[in-house]
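Overview (structure and organization)
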Amino acid sequence: MVLFEKAPAKINLSLDVLGKRTDGYHDVEMIMTTIDLADRVRLYAIEQDRIEVSLESRYVPSDERNLAYKAAVAFKRRYGLPFGVHIHIEKNIPVSAGLGGGSTDAAAVLRGLNRLCSFGIPEEELADLGAGIGSDVPFCVYGNTAIATGRGEKVEPLASPPSCWVVLAKPNIGVSTRTIFQQIKLEQLMHPNTKEIVHALSNKDFEHMCSSMGNVLENVTLTLYPEVQRIKDIMKHMGAPGVLMSGSGPTVYSLVENYSKAKRIYNGMRGFCQEVYLVRLLG
Ligand code: C5P
């Protein structure tokens, strides 16, 4: 039996850092939502008792450094696998982009193995297992729209945003989340108003949602990589509403209600940036 799992990317409508923890991580408060830009994960049983991962990407290793591989190992360790498994990842989400590409692949593997083995493990348990693989994996197990706290592993569902288009532009650089977190100056942060975004989501209020969005990692990444600032400025210049960097970057996105306006911004951005996407929100 061959089984497919869709692994959608996420964007951060907000990302706030509340403090530094003793375990080297930060306490965060993030609102995330999934978008219709997705990797496709194919899983099937093999005769040999091993875990194989394959993918066509110059940037992602297929060995034990791959989060999808780690997820399969963690699943096998906790629940056992009645057979070996081959996992093929069709990579469509840009890598090291702030879009949770590795985390969503790992989450898709957890969901996929659960289905392949017919174990019926509740999502909460898969999310708990995912937390050991990466801070964004628990959110990716559930998908849709949610607020994540702790180091990202405590996930509470939220109302989905009003339906709109997302234009994403990824400058041609990869950003390490760890590096960005290390450079945060806690006392200088301009905290986004997370409660306002939650309200805006409940009321499906597009304007209010856009005006409340914020990401405290933005300043760090924009200072380290002026190219990201340039892309953000260009997008704003084109009249794009709701422009924000996702995660630790470098991808910058805009939320646009109207398709023809979204298409105009998408076409415009393609003149400045190689990797530009026009997709719908899923969450
Ligand atoms: O959990 P994950 O492996 O995705 O995190 C990558 C790095 O980002 C961590 O090693 C840590 O330096 C930083 N991080 C953090 N606080 C978080 C999440 C990530 O400091 N809540």
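Anyway, here's the lowdown on the structure attached to this text. Fair warning: this is a prediction, and the values are worked out from it, not measured in the lab.

Cut-offs applied
- Residues numbered from 1 in each chain as written.
- Predicted model: local features only at pLDDT ≥ 70, side-chain atom pairs only at ≥ 80, totals over all residues.
- Heavy atoms only, no water.
- Helix = DSSP H or I, 4+ residues; strand = E, 2+ residues; numbered from the N terminus.
- Rg over C-alpha atoms; globule rule 2.2 N^0.38 Å.
- Buried < 20%, exposed > 50% of the residue type's maximum accessible area, 1.4 Å probe, protein only.
- Areas by Shrake-Rupley, 256 points an atom, 1.4 Å probe, with all protein chains shown as cover.
- Lys, Arg positive; Asp, Glu negative; His and termini not counted.
- Charge placed at Lys NZ, Arg CZ, Asp CG, Glu CD.
- Contact = heavy atoms within 4.5 Å.
- Phe/Tyr/Trp six-rings, centres within 6.5 Å; stacked < 30°, edge-to-face > 60°.
- Axes fitted to C-alpha atoms, helices over the stretch in contact; angles between N-to-C directions.
- Left-handed = near helix turned anticlockwise from the far one by under 90°.
- Nonpolar A, V, L, I, M, F, W, Y, C, P; charged D, E, K, R; others polar.
- Near = heavy atom within 4 Å.
- Polar contact = N/O pair within 3.5 Å; in protein donor to acceptor, adjacent residues only side chain to side chain.
- 1 Å grid on protein atoms, 1.4 Å probe; cavity = no way out; pocket = protein on both sides within 12 Å on 5 of 7 lines; lining within 4 Å.
- Sits in = over half its atoms within 2 Å of the grid points.
- Domains from an automatic or database assignment.
- Pairing = 2+ DSSP bridges.

**Looking at the overall build of the protein chain**
Summing up its helical and strand segments, the protein chain has ten helices and eleven strands in all. In terms of C-alpha radius of gyration, the protein chain reaches 19 Å, essentially the compact-globule figure of 19 Å for 283 residues. Each principal axis of the C-alpha distribution contributes one length, and for the protein chain these read about 55 × 40 × 35 Å. Buried positions account for 56% of the 283 residues belonging to the protein chain. In the form shown here, the protein chain has an accessible surface area of approximately 12800 Å², with 47% of it arising from carbon and sulfur atoms. Of the charged side chains in the protein chain, 31 are positive and 31 negative; the average position of the first set lies 4 Å away from that of the second.

**Concerning the side chain of Ser248**
Along the chain, Ser248 turns up in the loop between β9 (243-245) and β10 (252-256). Excluding residues within four positions of it along the chain, Ser248 makes contact with Gly98, Val175, Thr177, Ile180, Leu217 and Thr221.

**Thoughts on the environment of Val73**
Within the secondary structure layout, Val73 lies in helix α1 (residues 67-79). By relative accessible area, Val73 is classed as partly exposed at 23%.

**Let's talk about the packing of aromatic side chains**
Evaluation of the coordinates by the stated rule reveals three aromatic pairs. Centroid distance Phe75 to Tyr79: 5.1 Å. Interplanar angle 55°. Geometry classified as tilted. In this pair, Phe75 and Tyr79 both sit in helix α1, four residues apart, roughly one turn of the helix. Looking at Phe75, the relative accessible area reads 0%, which means it is buried. Within the aromatic cluster, the residues linked to one another by ring pairs are Phe75, Tyr79 and Phe119.

**Some points on unusual backbone geometry**
Cis geometry marks the peptide bond from Gly249 to Pro250; its omega dihedral reads 5°. Structurally, Pro250 can be placed in the loop between β9 and β10. With a phi close to 50°, Ser118 is a non-glycine residue in the positive phi region. Within the chain, Asn144 stands out as a residue other than glycine whose phi angle is a positive 60°. As for its placement among the helices and strands, Asn144 is situated in the loop between α4 (137-142) and β5 (145-149). Accessibility expressed as a relative area gives 44% for Asn144, which makes it partly exposed.

**Points about the packing of α1 against helix α2 (residues 101-116)**
Any two packed helices are characterised by the angle at which their axes cross and by the distance between the axes. Axis separation between α1 and α2 bottoms out at 7 Å; the angle between their running directions is 35°. Here α1 and α2 pass one another in a crossing that is right-handed. Taking contact as the criterion, the partners of Leu67, Ala68, Ala71, Ala72 and Phe75 in α1 are, on α2, Gly102, Ser103, Asp105, Ala106, Val109, Leu110, Leu113 and Asn114. Of the residues in the contact of α1 with α2, the class split is nine nonpolar, three polar and one charged.

**Describing the site of the ligand**
Looking at the ligand, the residues that line it are Gly24, Tyr25, His26, Val28, Gly134, Ser135, Arg151, Thr177, Arg178 and Phe181. Within the backbone of Arg151, one N or O atom sits 2.9 Å away from a nitrogen atom of the ligand. Isolated, the ligand exposes 450 Å² of accessible area, and the fraction of that covered by the protein chains is 77%. Assessed atom by atom at 2 Å from the grid points, the ligand resides in the largest pocket. Broken down by element, the residue count for the shell around the ligand peaks at three residues, all from helix α5 (residues 177-182). Classifying every residue of the shell around the ligand gives three nonpolar, five polar and two charged. Split by domain, the shell around the ligand shows at least three residues from each of two domains, domain 1 (2-157) and domain 2 (165-280).

**Side note on the side chain of Asp105**
Position of Asp105 among the secondary structure elements: in helix α2. The exposure class of Asp105 is buried, given its relative accessible area of 3%. Leaving out residues up to four positions away in the same chain, Asp105 has contacts with Ala7, Asp39, Val41, Ala68, Ile89 and Lys91.

**Observations concerning the sheet that holds β10**
With respect to topology, four strands assemble into an open sheet ordered β9-β10-β7-β11, the strand pairing being antiparallel. For this open sheet the edge positions go to β9 and β11 (275-280), each flanked by a neighbour on one side alone. Within the sheet, the average angular offset between the axes of one strand and its neighbour, ignoring direction, is 20°. Against the sheet, helix α9 (residues 226-237) makes contact with β7 (165-170), β9 and β10, and its axis sits at roughly 15° relative to β10, the strand it touches most. Against the sheet, helix α10 (residues 259-269) engages β7, β10 and β11, with an angle of about 170° to β11.

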